[in-house]
Amino acid sequence: MDDLFFKKIQGGLIVSCQALEDEPLHGGDTMAKMALAAKQGGAIGIRANSVHDILAIKQVTKLPIIGIIKRDYDDSGVYITPTLREVQELMEVQVDIIALDATRSPRPGGETLEDLVTYMKGKGQRMMADISTLEEALYAESIGVDCISTTLSGYTAYSPQHQEPDFELLQEAARRIRIPVIGEGRINTPEQAAYCLKLGAHAVVVGSAITRPRLITEKFAVAVRGALNGKVR
Ligand SMILES: CC(=O)N[C@H](C=O)[C@@H](O)[C@H](O)[C@H](O)COP(=O)(O)O
């Protein structure tokens, strides 16, 4: 592999540092601290959402950044870097790689995945295809994306709705695809992250299990409530 970016992330942990507007940790300053903590803990890359967060994260670390912009348009279920507008915003702040929804869901305003890929290739911008099925992964590879991530398995109506990471998709994609395949989505334990690499992932992205305290707390709270389960102490 001659691309330095892919060499840098090979076999490593990328931490997704994201908090949406309705989350208590929302804000560039918080995400920068999350990214720094991730770096100190051994992350070799950061996945981040929005120009604001990316600029803040760049102030505190030089780790490679996977950039996305989540934006909801009324007429579409595609929200991860849906249109050329988000691609251009990300290119302006210079991220190592732009991740975008590469499912077969229709994009807002009639834009197409193919056009976005052609645009980025023309500008020399690396891109990561967030897919939900093997077919989407194979198609994304065929139109020239630089790598695949299993991000959206479980988030399209036609992909398996697991609580766990989609290990099967990862393994099959890693077998069939020549470009790097990243394991991402519901990786909840260090063991699962390590297993993704054994299945052939080039790297793994972990988000919620590390950087979303509300979700982590919910899991503990549910378990604790369940443990008492009507028993009188
Ligand atoms: C589906 C979707 O919108 N995924 C987003 C993609 O950027 C993030 O919200 C996830 O946190 C990220 O993919 C990492 O996954 P997990 O948080 O499960 O470790």
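Just above sits the structure.
The rules behind each value
- Residues numbered from 1 in each chain as written.
- Predicted model: local features only at pLDDT ≥ 70, side-chain atom pairs only at ≥ 80, totals over all residues.
- Helix = DSSP H or I, 4+ residues; strand = E, 2+ residues; numbered from the N terminus.
- Rg over C-alpha atoms; globule rule 2.2 N^0.38 Å.
- Buried ≥ 20, exposed ≤ 12 C-beta atoms within 10 Å, placed from the backbone.
- Contact = placed C-beta atoms within 7 Å.
- Near = placed C-beta within 6 Å.
- Nonpolar A, V, L, I, M, F, W, Y, C, P; charged D, E, K, R; others polar.
- Pairing = 2+ DSSP bridges.
- Axes fitted to C-alpha atoms, helices over the stretch in contact; angles between N-to-C directions.

A. Here's a closer look at the overall build of the protein chain. A tally of helices and strands in the protein chain yields 10 helices and eight strands. For 233 residues, the compact-globule formula gives about 17 Å, and the C-alpha radius of gyration of the protein chain, at 18 Å, lands near that figure. Across its three principal axes, the protein chain shows a C-alpha extent of roughly 65 × 40 × 40 Å. By residue count, 41% of the 233 residues in the protein chain fall in the buried class. Counting contacts in the protein chain only where the partners sit at least 6 residues apart, residues at least 24 apart contribute 57% of the total.

B. Quick look at the site of the ligand. Around the ligand, the structure places 17 residues, and the nearest of them are S16, Y155, R186, G207 and S208. Secondary-structure elements contributing two or more residues to the shell around the ligand are β8 (203-206) and α9 (208-211). When its residues are assigned to classes, the shell around the ligand shows eight nonpolar, six polar and three charged.

C. The arrangement of the sheet that holds strand β3 (residues 65-68) in detail. Here we have eight strands rolled up into a closed barrel, ordered β1-β2-β3-β4-β5-β6-β7-β8, and parallel in their pairing. Neighbour-to-neighbour, the strand axes of the sheet open up by a mean angle of 25°, direction not taken into account. As defined by bridge partners, strand β4 (residues 97-101) adjoins strand β5 (residues 127-130) across four bridges and the pair is classed as parallel. Its bridge partner lying in β5, A99 is registered against M128. In the packing of helix α3 (residues 51-60) onto the sheet, contacts are made with β1 (13-17), β2 (45-49) and β3, and the angle to β2 comes to roughly 150°.

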